[in-house]
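The primary structure of each chain is shown beneath.
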Amino acid sequence: MTRGVEGIAASVSETFMEPVLRLGVTGLSRAGKTVFITSLVANLLDRGRMPQLRAAASGAIVSAYLRPQPDNTVPRFDYEAHLAAMTGSEPRWPDSTRAVSELRLSLKVRPGGLGSIFGAVTGPRTIHVDIVDYPGEWLLDLALMDKDYAEWAAETLGRLDRRPGSDGFVAALAGIDPGAPFDEATAQLLAARFTEALNIAREAGFSDCTPGRFLLPGEMAGSPVLTFAPLPVPGGSTPRGSLWREMERRYEAYKREVVKPFFRDHFSRIDRQVVLVDALGAIHAGPRAVEDLRRAMTEILGAFRPGRNAWLTRFLTGKRVEKILFAATKADHLHHSQHARLTSIMQALMKEARRRADFAGADTAAMAIAALRATVEETREQRGESYDCVRGTLMSTGRQAALYPGELPEDPALLLEPAREGAEDWLDGDYQIMHFAPARLTMKPGEGPPHIRLDKAAEFLLGDRLR
Ligand SMILES: Nc1nc2c(ncn2[C@@H]2O[C@H](COP(=O)(O)OP(=O)(O)OP(=O)(O)O)[C@@H](O)[C@H]2O)c(=O)[nH]1
Ligand SMILES: [Mg+2]
(Lines give C-alpha, C1' and ligand atoms only; values in the text may rest on other atoms or scores of the structure.)
(Ligands and ions follow the chains in the order given, each with its own letter.)
Protein backbone atom coordinates (compact mmCIF):
# COMPACT_ATOMS: atom_id res chain seq x y z
CA MET A 1 0.00 0.00 0.00
CA THR A 2 2.70 2.46 1.02
CA ARG A 3 4.56 1.67 -2.18
CA GLY A 4 1.45 2.41 -4.19
CA VAL A 5 1.12 5.80 -2.57
CA GLU A 6 4.78 6.57 -3.19
CA GLY A 7 4.25 5.54 -6.77
CA ILE A 8 1.51 8.10 -7.17
CA ALA A 9 3.52 10.79 -5.42
CA ALA A 10 6.45 10.16 -7.74
CA SER A 11 4.36 10.38 -10.90
CA VAL A 12 2.54 13.46 -9.65
CA SER A 13 5.72 15.30 -8.80
CA GLU A 14 7.11 14.33 -12.17
CA THR A 15 4.31 16.16 -13.91
CA PHE A 16 5.62 19.31 -12.26
CA MET A 17 9.29 18.43 -12.53
CA GLU A 18 9.01 17.38 -16.17
CA PRO A 19 11.94 15.03 -16.78
CA VAL A 20 14.61 15.97 -19.30
CA LEU A 21 16.63 13.56 -21.39
CA ARG A 22 19.74 14.88 -23.10
CA LEU A 23 20.50 13.02 -26.31
CA GLY A 24 23.95 13.63 -27.76
CA VAL A 25 24.34 13.15 -31.51
CA THR A 26 27.88 12.97 -32.78
CA GLY A 27 30.01 11.60 -35.59
CA LEU A 28 32.91 12.87 -37.64
CA SER A 29 32.28 15.59 -40.19
CA ARG A 30 29.89 14.48 -42.96
CA ALA A 31 28.86 11.40 -40.96
CA GLY A 32 25.22 12.45 -41.22
CA LYS A 33 24.44 14.21 -37.91
CA THR A 34 22.33 17.02 -39.33
CA VAL A 35 20.31 14.70 -41.57
CA PHE A 36 19.82 12.29 -38.65
CA ILE A 37 18.52 14.91 -36.23
CA THR A 38 16.29 16.55 -38.82
CA SER A 39 14.71 13.27 -39.89
CA LEU A 40 14.43 11.97 -36.31
CA VAL A 41 12.61 15.09 -35.17
CA ALA A 42 10.34 15.13 -38.23
CA ASN A 43 9.52 11.47 -37.65
CA LEU A 44 8.82 12.05 -33.96
CA LEU A 45 6.52 14.97 -34.76
CA ASP A 46 4.67 12.85 -37.36
CA ARG A 47 4.99 9.26 -36.28
CA GLY A 48 3.40 7.35 -39.16
CA ARG A 49 6.69 5.79 -40.22
CA MET A 50 7.85 4.79 -36.74
CA PRO A 51 6.26 1.37 -36.10
CA GLN A 52 9.34 0.03 -34.30
CA LEU A 53 9.20 2.84 -31.75
CA ARG A 54 6.78 1.11 -29.43
CA ALA A 55 5.45 4.25 -27.77
CA ALA A 56 4.57 5.61 -31.20
CA ALA A 57 2.91 2.41 -32.38
CA SER A 58 0.92 1.95 -29.15
CA GLY A 59 -0.28 5.52 -29.07
CA ALA A 60 1.50 6.22 -25.77
CA ILE A 61 2.95 9.36 -27.34
CA VAL A 62 -0.04 11.69 -27.33
CA SER A 63 1.67 14.62 -28.97
CA ALA A 64 5.08 16.07 -29.80
CA TYR A 65 6.14 19.65 -30.28
CA LEU A 66 9.23 21.85 -30.40
CA ARG A 67 9.89 24.06 -27.39
CA PRO A 68 12.51 26.70 -26.58
CA GLN A 69 15.73 25.01 -25.50
CA PRO A 70 17.10 25.49 -21.97
CA ASP A 71 20.62 26.67 -22.89
CA ASN A 72 20.55 30.31 -23.86
CA THR A 73 24.02 30.62 -25.33
CA VAL A 74 24.10 27.46 -27.47
CA PRO A 75 22.95 28.00 -31.09
CA ARG A 76 19.59 26.42 -31.87
CA PHE A 77 19.68 23.48 -34.30
CA ASP A 78 18.14 24.99 -37.42
CA TYR A 79 15.52 22.30 -37.86
CA GLU A 80 13.18 24.22 -40.14
CA ALA A 81 15.90 25.23 -42.62
CA HIS A 82 17.39 21.72 -42.76
CA LEU A 83 13.98 20.11 -43.25
CA ALA A 84 13.08 22.61 -45.95
CA ALA A 85 16.33 21.77 -47.78
CA MET A 86 15.74 18.02 -47.62
CA THR A 87 12.04 17.95 -48.41
CA GLY A 88 11.57 20.99 -50.69
CA SER A 89 10.63 20.84 -54.36
CA GLU A 90 14.34 20.80 -55.31
CA PRO A 91 15.56 18.51 -52.52
CA ARG A 92 19.16 18.95 -51.41
CA TRP A 93 21.29 17.93 -48.46
CA PRO A 94 21.59 20.46 -45.64
CA ASP A 95 24.67 22.66 -45.35
CA SER A 96 27.59 21.50 -43.28
CA THR A 97 27.41 22.59 -39.64
CA ARG A 98 30.57 23.18 -37.69
CA ALA A 99 29.75 23.66 -34.02
CA VAL A 100 27.47 22.61 -31.20
CA SER A 101 23.75 23.19 -31.59
CA GLU A 102 20.71 22.13 -29.65
CA LEU A 103 16.98 21.51 -30.09
CA ARG A 104 14.29 20.70 -27.52
CA LEU A 105 11.54 18.31 -28.54
CA SER A 106 8.84 17.78 -25.94
CA LEU A 107 6.73 14.65 -25.94
CA LYS A 108 3.45 14.27 -24.13
CA VAL A 109 3.23 10.65 -23.03
CA ARG A 110 0.40 8.76 -21.43
CA PRO A 111 2.06 7.00 -18.45
CA GLY A 112 2.26 3.28 -18.92
CA GLY A 113 0.24 3.49 -22.10
CA LEU A 114 -3.51 2.94 -22.07
CA GLY A 115 -3.43 0.05 -19.64
CA SER A 116 -1.83 1.86 -16.71
CA ILE A 117 -3.75 1.89 -13.45
CA PHE A 118 -2.38 5.34 -12.66
CA GLY A 119 -3.00 6.66 -16.13
CA ALA A 120 -6.37 8.02 -15.19
CA VAL A 121 -5.04 9.61 -12.00
CA THR A 122 -2.03 11.38 -13.40
CA GLY A 123 -2.96 12.11 -17.00
CA PRO A 124 -0.31 12.51 -19.67
CA ARG A 125 3.14 13.69 -18.61
CA THR A 126 5.69 15.62 -20.58
CA ILE A 127 9.25 14.55 -21.23
CA HIS A 128 11.68 16.96 -22.81
CA VAL A 129 14.29 15.55 -25.15
CA ASP A 130 17.19 17.96 -25.60
CA ILE A 131 19.08 16.93 -28.70
CA VAL A 132 22.67 18.15 -28.84
CA ASP A 133 24.63 17.99 -32.11
CA TYR A 134 28.41 18.19 -31.66
CA PRO A 135 31.39 17.26 -33.85
CA GLY A 136 32.95 13.86 -33.15
CA GLU A 137 36.33 15.45 -33.74
CA TRP A 138 35.93 17.18 -30.38
CA LEU A 139 35.31 13.87 -28.65
CA LEU A 140 38.48 12.31 -30.04
CA ASP A 141 40.42 15.15 -28.45
CA LEU A 142 39.82 13.53 -25.08
CA ALA A 143 42.74 11.20 -25.85
CA LEU A 144 45.05 14.23 -25.84
CA MET A 145 44.25 14.86 -22.18
CA ASP A 146 46.20 11.75 -21.19
CA LYS A 147 49.26 12.64 -23.23
CA ASP A 148 51.92 15.25 -22.75
CA TYR A 149 53.33 17.06 -25.73
CA ALA A 150 56.32 14.74 -26.23
CA GLU A 151 54.12 11.62 -26.25
CA TRP A 152 51.50 13.11 -28.54
CA ALA A 153 54.16 14.42 -30.94
CA ALA A 154 55.98 11.08 -31.10
CA GLU A 155 52.73 9.25 -31.83
CA THR A 156 51.56 11.71 -34.45
CA LEU A 157 54.93 11.86 -36.22
CA GLY A 158 55.07 8.07 -36.15
CA ARG A 159 51.96 7.66 -38.27
CA LEU A 160 52.71 10.33 -40.87
CA ASP A 161 54.19 7.88 -43.35
CA ARG A 162 51.08 5.70 -43.21
CA ARG A 163 48.87 8.56 -44.31
CA PRO A 164 48.49 10.60 -47.46
CA GLY A 165 49.10 14.34 -47.45
CA SER A 166 52.03 14.57 -45.05
CA ASP A 167 54.73 15.48 -47.60
CA GLY A 168 54.45 19.23 -47.14
CA PHE A 169 54.68 18.95 -43.38
CA VAL A 170 57.57 16.48 -43.50
CA ALA A 171 59.45 18.84 -45.83
CA ALA A 172 58.80 21.80 -43.52
CA LEU A 173 60.02 19.75 -40.53
CA ALA A 174 63.23 18.80 -42.31
CA GLY A 175 64.25 22.43 -42.45
CA ILE A 176 63.96 23.28 -38.77
CA ASP A 177 65.72 22.69 -35.49
CA PRO A 178 63.20 22.21 -32.67
CA GLY A 179 65.80 23.41 -30.18
CA ALA A 180 66.32 26.74 -31.98
CA PRO A 181 64.84 29.92 -30.56
CA PHE A 182 61.12 30.28 -31.18
CA ASP A 183 59.86 32.46 -33.98
CA GLU A 184 56.24 32.97 -34.96
CA ALA A 185 56.72 32.60 -38.72
CA THR A 186 58.16 29.10 -38.31
CA ALA A 187 55.34 28.12 -35.94
CA GLN A 188 52.76 29.35 -38.42
CA LEU A 189 54.36 27.55 -41.34
CA LEU A 190 54.54 24.26 -39.44
CA ALA A 191 50.98 24.59 -38.14
CA ALA A 192 49.68 25.37 -41.63
CA ARG A 193 51.42 22.34 -43.18
CA PHE A 194 50.31 20.10 -40.32
CA THR A 195 46.70 21.28 -40.65
CA GLU A 196 46.89 20.59 -44.38
CA ALA A 197 48.08 17.05 -43.67
CA LEU A 198 45.22 16.48 -41.22
CA ASN A 199 42.68 17.74 -43.74
CA ILE A 200 43.99 15.53 -46.52
CA ALA A 201 44.01 12.47 -44.25
CA ARG A 202 40.45 13.26 -43.22
CA GLU A 203 39.40 13.63 -46.87
CA ALA A 204 41.01 10.28 -47.62
CA GLY A 205 38.74 8.63 -45.08
CA PHE A 206 40.94 8.59 -41.96
CA SER A 207 38.98 9.09 -38.76
CA ASP A 208 41.45 9.94 -36.05
CA CYS A 209 42.74 13.34 -37.13
CA THR A 210 43.32 15.12 -33.83
CA PRO A 211 43.56 17.89 -32.66
CA GLY A 212 39.94 18.19 -33.77
CA ARG A 213 39.75 21.98 -33.84
CA PHE A 214 42.48 22.10 -36.47
CA LEU A 215 39.85 20.73 -38.84
CA LEU A 216 36.98 22.84 -37.51
CA PRO A 217 38.61 25.98 -36.16
CA GLY A 218 35.58 28.31 -36.13
CA GLU A 219 36.35 31.56 -34.40
CA MET A 220 39.63 30.18 -32.97
CA ALA A 221 41.28 30.17 -36.41
CA GLY A 222 44.70 31.79 -36.25
CA SER A 223 44.90 31.85 -32.45
CA PRO A 224 47.95 30.43 -30.63
CA VAL A 225 45.98 27.39 -29.39
CA LEU A 226 45.65 26.31 -33.03
CA THR A 227 49.15 27.34 -34.09
CA PHE A 228 51.28 24.40 -33.07
CA ALA A 229 52.47 21.14 -34.60
CA PRO A 230 54.20 17.94 -33.45
CA LEU A 231 57.98 18.23 -33.24
CA PRO A 232 60.60 15.62 -32.40
CA VAL A 233 62.36 16.18 -29.09
CA PRO A 234 65.54 18.10 -29.92
CA GLY A 235 68.77 16.21 -29.33
CA GLY A 236 70.26 17.21 -25.99
CA SER A 237 67.83 19.56 -24.31
CA THR A 238 64.73 21.69 -24.75
CA PRO A 239 66.02 25.13 -23.78
CA ARG A 240 63.67 27.81 -22.55
CA GLY A 241 62.42 30.00 -25.35
CA SER A 242 62.94 27.26 -27.93
CA LEU A 243 60.46 26.40 -30.65
CA TRP A 244 59.84 23.06 -28.95
CA ARG A 245 59.03 24.66 -25.60
CA GLU A 246 56.55 27.12 -27.10
CA MET A 247 54.85 24.35 -29.09
CA GLU A 248 54.58 22.39 -25.88
CA ARG A 249 53.04 25.39 -24.12
CA ARG A 250 50.45 25.86 -26.88
CA TYR A 251 49.57 22.17 -26.89
CA GLU A 252 48.90 22.36 -23.16
CA ALA A 253 46.83 25.52 -23.69
CA TYR A 254 44.78 23.68 -26.32
CA LYS A 255 44.02 20.94 -23.81
CA ARG A 256 43.14 23.37 -21.05
CA GLU A 257 41.26 26.03 -23.00
CA VAL A 258 39.68 24.10 -25.86
CA VAL A 259 39.27 20.46 -24.87
CA LYS A 260 38.32 20.80 -21.21
CA PRO A 261 35.55 23.39 -21.59
CA PHE A 262 33.76 21.21 -24.14
CA PHE A 263 33.75 18.23 -21.79
CA ARG A 264 32.66 20.38 -18.87
CA ASP A 265 29.88 22.27 -20.64
CA HIS A 266 28.43 19.74 -23.06
CA PHE A 267 29.73 16.21 -22.77
CA SER A 268 29.23 15.94 -19.01
CA ARG A 269 25.48 16.51 -19.29
CA ILE A 270 24.62 13.83 -21.86
CA ASP A 271 22.29 10.96 -20.87
CA ARG A 272 22.16 9.00 -24.12
CA GLN A 273 24.47 9.09 -27.09
CA VAL A 274 24.30 8.16 -30.73
CA VAL A 275 27.56 8.02 -32.68
CA LEU A 276 27.07 8.08 -36.44
CA VAL A 277 29.77 6.50 -38.56
CA ASP A 278 30.18 6.41 -42.29
CA ALA A 279 31.19 2.75 -42.36
CA LEU A 280 30.46 2.36 -46.07
CA GLY A 281 32.66 5.38 -46.82
CA ALA A 282 35.52 3.81 -44.84
CA ILE A 283 35.07 0.42 -46.55
CA HIS A 284 35.14 2.20 -49.89
CA ALA A 285 38.32 4.06 -48.88
CA GLY A 286 40.10 0.78 -48.04
CA PRO A 287 41.53 -1.34 -45.20
CA ARG A 288 43.52 1.47 -43.61
CA ALA A 289 40.46 3.66 -43.28
CA VAL A 290 38.54 0.75 -41.74
CA GLU A 291 41.33 0.16 -39.23
CA ASP A 292 41.32 3.85 -38.46
CA LEU A 293 37.56 3.77 -37.96
CA ARG A 294 37.98 0.89 -35.54
CA ARG A 295 40.55 2.85 -33.60
CA ALA A 296 38.33 5.94 -33.56
CA MET A 297 35.38 3.89 -32.29
CA THR A 298 37.55 2.54 -29.48
CA GLU A 299 38.63 6.04 -28.53
CA ILE A 300 35.08 7.35 -28.64
CA LEU A 301 33.77 4.51 -26.52
CA GLY A 302 36.69 5.02 -24.15
CA ALA A 303 35.53 8.60 -23.60
CA PHE A 304 32.32 7.23 -22.10
CA ARG A 305 34.01 4.75 -19.79
CA PRO A 306 33.03 5.53 -16.21
CA GLY A 307 35.98 6.78 -14.19
CA ARG A 308 37.93 7.46 -17.38
CA ASN A 309 40.06 9.99 -15.58
CA ALA A 310 39.97 12.17 -12.51
CA TRP A 311 39.18 15.57 -14.00
CA LEU A 312 36.40 14.19 -16.18
CA THR A 313 34.86 12.31 -13.26
CA ARG A 314 34.78 15.59 -11.36
CA PHE A 315 32.65 17.18 -14.09
CA LEU A 316 30.34 14.21 -14.29
CA THR A 317 29.38 14.33 -10.59
CA GLY A 318 28.17 10.76 -10.45
CA LYS A 319 26.25 10.95 -13.70
CA ARG A 320 26.88 8.53 -16.50
CA VAL A 321 25.73 7.90 -20.02
CA GLU A 322 23.10 5.17 -19.99
CA LYS A 323 22.96 4.14 -23.63
CA ILE A 324 25.34 4.42 -26.57
CA LEU A 325 24.37 3.57 -30.11
CA PHE A 326 26.86 3.26 -32.95
CA ALA A 327 24.93 3.60 -36.19
CA ALA A 328 26.30 3.15 -39.69
CA THR A 329 24.44 5.77 -41.68
CA LYS A 330 23.57 5.91 -45.37
CA ALA A 331 22.52 2.24 -45.50
CA ASP A 332 20.29 3.24 -48.42
CA HIS A 333 23.44 2.83 -50.55
CA LEU A 334 22.94 -0.90 -50.12
CA HIS A 335 20.17 -3.19 -51.24
CA HIS A 336 18.37 -4.53 -48.16
CA SER A 337 19.75 -8.01 -48.89
CA GLN A 338 23.09 -6.65 -47.62
CA HIS A 339 21.88 -4.71 -44.59
CA ALA A 340 22.41 -7.61 -42.20
CA ARG A 341 26.04 -7.78 -43.33
CA LEU A 342 26.63 -4.11 -42.67
CA THR A 343 25.04 -4.59 -39.25
CA SER A 344 27.39 -7.51 -38.54
CA ILE A 345 30.37 -5.41 -39.51
CA MET A 346 29.22 -2.65 -37.17
CA GLN A 347 28.65 -5.14 -34.37
CA ALA A 348 32.08 -6.66 -34.86
CA LEU A 349 33.67 -3.21 -34.75
CA MET A 350 31.67 -2.45 -31.64
CA LYS A 351 32.65 -5.67 -29.91
CA GLU A 352 36.29 -4.99 -30.64
CA ALA A 353 35.95 -1.39 -29.42
CA ARG A 354 34.31 -2.55 -26.18
CA ARG A 355 37.06 -5.05 -25.58
CA ARG A 356 39.89 -2.65 -26.32
CA ALA A 357 38.39 0.23 -24.39
CA ASP A 358 37.72 -2.20 -21.53
CA PHE A 359 34.24 -0.79 -21.56
CA ALA A 360 31.43 -1.71 -19.20
CA GLY A 361 28.51 0.23 -17.88
CA ALA A 362 26.27 1.71 -20.50
CA ASP A 363 23.98 -0.31 -22.68
CA THR A 364 25.51 -0.36 -26.19
CA ALA A 365 24.18 -1.33 -29.60
CA ALA A 366 25.29 -1.15 -33.22
CA MET A 367 23.06 -0.99 -36.27
CA ALA A 368 22.81 0.10 -39.90
CA ILE A 369 20.34 2.87 -40.71
CA ALA A 370 19.53 5.58 -43.22
CA ALA A 371 18.12 8.73 -41.72
CA LEU A 372 16.78 9.83 -45.09
CA ARG A 373 16.27 7.24 -47.76
CA ALA A 374 17.46 8.62 -51.10
CA THR A 375 17.28 5.46 -53.22
CA VAL A 376 14.94 2.74 -54.44
CA GLU A 377 15.92 -0.90 -54.90
CA GLU A 378 16.27 -2.61 -58.21
CA THR A 379 17.58 -5.98 -59.39
CA ARG A 380 19.47 -5.87 -62.69
CA GLU A 381 20.51 -8.67 -64.98
CA GLN A 382 23.91 -8.54 -66.58
CA ARG A 383 25.52 -11.36 -68.54
CA GLY A 384 23.22 -13.90 -66.97
CA GLU A 385 23.91 -12.74 -63.42
CA SER A 386 21.51 -10.73 -61.32
CA TYR A 387 22.68 -7.84 -59.19
CA ASP A 388 20.80 -6.28 -56.28
CA CYS A 389 21.25 -2.55 -56.86
CA VAL A 390 19.95 0.73 -55.55
CA ARG A 391 18.94 3.57 -57.83
CA GLY A 392 18.92 7.29 -57.13
CA THR A 393 19.60 10.74 -58.56
CA LEU A 394 23.32 11.42 -58.88
CA MET A 395 24.48 14.57 -57.13
CA SER A 396 27.02 15.36 -59.84
CA THR A 397 24.81 15.14 -62.92
CA GLY A 398 21.24 15.11 -61.64
CA ARG A 399 20.72 11.92 -63.69
CA GLN A 400 19.36 8.63 -62.41
CA ALA A 401 21.94 5.91 -61.84
CA ALA A 402 21.99 2.41 -60.45
CA LEU A 403 24.69 1.46 -57.96
CA TYR A 404 25.96 -1.99 -57.27
CA PRO A 405 28.32 -1.26 -54.38
CA GLY A 406 29.92 -4.70 -54.27
CA GLU A 407 29.22 -7.66 -52.04
CA LEU A 408 29.98 -7.18 -48.36
CA PRO A 409 31.31 -10.40 -46.83
CA GLU A 410 29.04 -12.42 -44.61
CA ASP A 411 31.87 -12.79 -42.10
CA PRO A 412 33.03 -9.35 -40.90
CA ALA A 413 36.47 -10.78 -40.15
CA LEU A 414 37.12 -10.85 -43.89
CA LEU A 415 37.21 -7.04 -43.75
CA LEU A 416 38.48 -6.45 -40.23
CA GLU A 417 41.46 -8.80 -40.39
CA PRO A 418 43.15 -7.33 -43.47
CA ALA A 419 42.44 -3.92 -41.92
CA ARG A 420 44.15 -4.88 -38.69
CA GLU A 421 47.09 -6.37 -40.55
CA GLY A 422 47.67 -3.13 -42.43
CA ALA A 423 46.73 -4.31 -45.92
CA GLU A 424 46.80 -1.64 -48.60
CA ASP A 425 43.84 -2.88 -50.64
CA TRP A 426 41.02 -5.33 -50.30
CA LEU A 427 42.02 -8.71 -51.64
CA ASP A 428 38.88 -9.62 -53.47
CA GLY A 429 36.90 -6.84 -54.95
CA ASP A 430 36.32 -3.21 -54.49
CA TYR A 431 33.51 -1.32 -52.91
CA GLN A 432 31.89 1.46 -54.82
CA ILE A 433 30.08 4.48 -53.58
CA MET A 434 28.00 7.13 -55.33
CA HIS A 435 26.63 10.38 -54.06
CA PHE A 436 22.89 10.56 -54.43
CA ALA A 437 20.75 13.63 -53.96
CA PRO A 438 17.73 13.32 -51.72
CA ALA A 439 14.69 12.08 -53.61
CA ARG A 440 11.67 14.26 -54.26
CA LEU A 441 9.07 13.32 -51.68
CA THR A 442 5.36 13.27 -51.38
CA MET A 443 4.73 12.99 -47.69
CA LYS A 444 1.31 11.92 -46.50
CA PRO A 445 -0.17 13.72 -43.51
CA GLY A 446 1.05 12.14 -40.30
CA GLU A 447 4.21 10.75 -41.91
CA GLY A 448 7.79 11.97 -41.63
CA PRO A 449 10.49 11.54 -44.30
CA PRO A 450 11.30 7.98 -45.44
CA HIS A 451 14.14 6.28 -43.58
CA ILE A 452 15.62 2.89 -42.81
CA ARG A 453 15.41 1.71 -39.19
CA LEU A 454 15.37 5.19 -37.70
CA ASP A 455 12.47 3.93 -35.58
CA LYS A 456 14.63 1.11 -34.27
CA ALA A 457 17.36 3.58 -33.35
CA ALA A 458 14.80 5.78 -31.59
CA GLU A 459 13.43 2.78 -29.68
CA PHE A 460 16.90 1.93 -28.41
CA LEU A 461 17.73 5.53 -27.49
CA LEU A 462 14.44 6.78 -26.05
CA GLY A 463 11.92 3.93 -25.95
CA ASP A 464 12.25 2.99 -22.27
CA ARG A 465 11.55 6.54 -21.16
CA LEU A 466 8.37 6.84 -23.18
CA ARG A 467 6.49 3.96 -21.68
N1 LIG B 1 22.01 8.50 -49.06
C2 LIG B 1 22.12 9.08 -47.87
N3 LIG B 1 23.05 10.04 -47.69
C4 LIG B 1 23.12 10.62 -46.48
C5 LIG B 1 22.28 10.27 -45.39
N6 LIG B 1 22.63 11.03 -44.34
C7 LIG B 1 23.64 11.81 -44.74
N8 LIG B 1 23.94 11.59 -46.05
C9 LIG B 1 25.03 12.20 -46.84
O10 LIG B 1 26.03 12.65 -45.98
C11 LIG B 1 26.23 14.04 -46.09
C12 LIG B 1 26.51 14.64 -44.76
O13 LIG B 1 25.36 14.61 -43.95
P14 LIG B 1 25.18 15.67 -42.76
O15 LIG B 1 23.96 15.26 -42.00
O16 LIG B 1 25.26 17.06 -43.25
O17 LIG B 1 26.47 15.30 -41.94
P18 LIG B 1 27.08 16.06 -40.67
O19 LIG B 1 27.65 14.99 -39.82
O20 LIG B 1 26.06 16.95 -40.06
O21 LIG B 1 28.23 16.89 -41.37
P22 LIG B 1 28.98 18.21 -40.82
O23 LIG B 1 27.92 19.14 -40.37
O24 LIG B 1 29.72 18.69 -42.01
O25 LIG B 1 29.86 17.72 -39.74
C26 LIG B 1 24.96 14.57 -46.74
O27 LIG B 1 25.23 15.76 -47.44
C28 LIG B 1 24.57 13.41 -47.64
O29 LIG B 1 25.30 13.45 -48.83
C30 LIG B 1 21.31 9.23 -45.61
O31 LIG B 1 20.53 8.85 -44.72
N32 LIG B 1 21.27 8.70 -46.87
MG1 LIG C 1 26.03 18.87 -39.57
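Predicted model only: the values in this text are computed from it and were never measured.

Some words on the site of ligand 1
Next up, step 1: Around ligand 1 there are 19 residues in total, and Lys33, Thr34, Val35, Ser96 and Thr97 lie nearest to it.
Next up, step 2: For ligand 1, an oxygen atom lies 3.1 Å from a polar atom in the side chain of lysine 330.
Next up, step 3: With respect to ligand 1, the backbone of alanine 371 contributes an N or O atom lying 3.0 Å from an oxygen atom.
Next up, step 4: Here ligand 1 loses 94% of its free accessible area of 640 Å² to cover by the protein chains.
Next up, step 5: For the shell around ligand 1, the per-class residue count stands at eight nonpolar, six polar and five charged.

Concerning the side chain of serine 39
Next up, step 1: For serine 39, the position within the fold is in helix α2 (residues 33–45).
Next up, step 2: When its relative accessible area of 0% is taken as the criterion, serine 39 is described as buried.
Next up, step 3: Polar side-chain contacts of serine 39 include one of 2.7 Å to the backbone oxygen of alanine 371.
Next up, step 4: Not counting residues within four places of it along the chain, the set of residues in contact with serine 39 comprises Met86, Ala371, Pro449 and Leu454.

Notes on the sheet that holds strand β1 (residues 20–27)
Next up, step 1: Taken together, the seven strands give an open sheet; going across it, the order is β2-β3-β4-β1-β5-β6-β7, and neighbouring strands pair in mixed fashion. Looking along the sheet, the strands with just one partner apiece sit at the ends: β2 (61–67) and β7 (363–368). Going across the sheet, the axis of each strand differs from the next one's by a mean of 20°, ignoring polarity.

Remarks on the packing of aromatic side chains
Next up, step 1: Under the defined criterion, the tally for this structure stands at 19 aromatic pairs.
Next up, step 2: Summarising the aromatic geometry, the rings of tryptophan 138 and phenylalanine 262 are spaced 5.4 Å apart at their centres and angled 80° between planes, so their arrangement reads as edge-to-face. Note that tryptophan 138 is positioned in helix α6 (residues 136–140) and phenylalanine 262 in helix α11 (residues 243–265), a separation of 124 residues in sequence.
Next up, step 3: Judged by relative accessible area, which is 9%, tryptophan 138 ranks as buried.

A look at the environment of alanine 365
Next up, step 1: Turning to its location among the elements, alanine 365 is positioned in strand β7.
Next up, step 2: For the pair alanine 365 and glutamine 347, spaced 18 residues apart in the sequence, the C-alpha separation amounts to 7.6 Å.
Next up, step 3: Ignoring any residue separated from it by four or fewer positions in sequence, one finds alanine 365 in contact with Ile324, Leu325, Phe326, Met350 and Phe460.

Remarks on helix α16 (residues 413–420)
Next up, step 1: Looking only at α16, the buried set comprises Leu415, Leu416 and Ala419. The buried residues of α16 all sit within an arc of 90° when viewed along its axis, so they share a single face.
Next up, step 2: Of the surrounding secondary structure, the elements contacted by the buried residues of α16 are α12 (279–285), α13 (287–303) and α15 (339–356).
Next up, step 3: Positive phi appears at glycine 422, one or two residues downstream of α16, with a value of about 80°.

Parameters at a glance
- Residues numbered from 1 in each chain as written.
- Chains lettered and ligands numbered in written order.
- Predicted model: local features only at pLDDT ≥ 70, side-chain atom pairs only at ≥ 80, totals over all residues.
- Heavy atoms only, no water.
- Near = heavy atom within 4 Å.
- Polar contact = N/O pair within 3.5 Å; in protein donor to acceptor, adjacent residues only side chain to side chain.
- Areas by Shrake-Rupley, 256 points an atom, 1.4 Å probe, with all protein chains shown as cover.
- Nonpolar A, V, L, I, M, F, W, Y, C, P; charged D, E, K, R; others polar.
- Helix = DSSP H or I, 4+ residues; strand = E, 2+ residues; numbered from the N terminus.
- Buried < 20%, exposed > 50% of the residue type's maximum accessible area, 1.4 Å probe, protein only.
- Contact = heavy atoms within 4.5 Å.
- Pairing = 2+ DSSP bridges.
- Axes fitted to C-alpha atoms, helices over the stretch in contact; angles between N-to-C directions.
- Phe/Tyr/Trp six-rings, centres within 6.5 Å; stacked < 30°, edge-to-face > 60°.
- Arc of directions from axis to C-beta.

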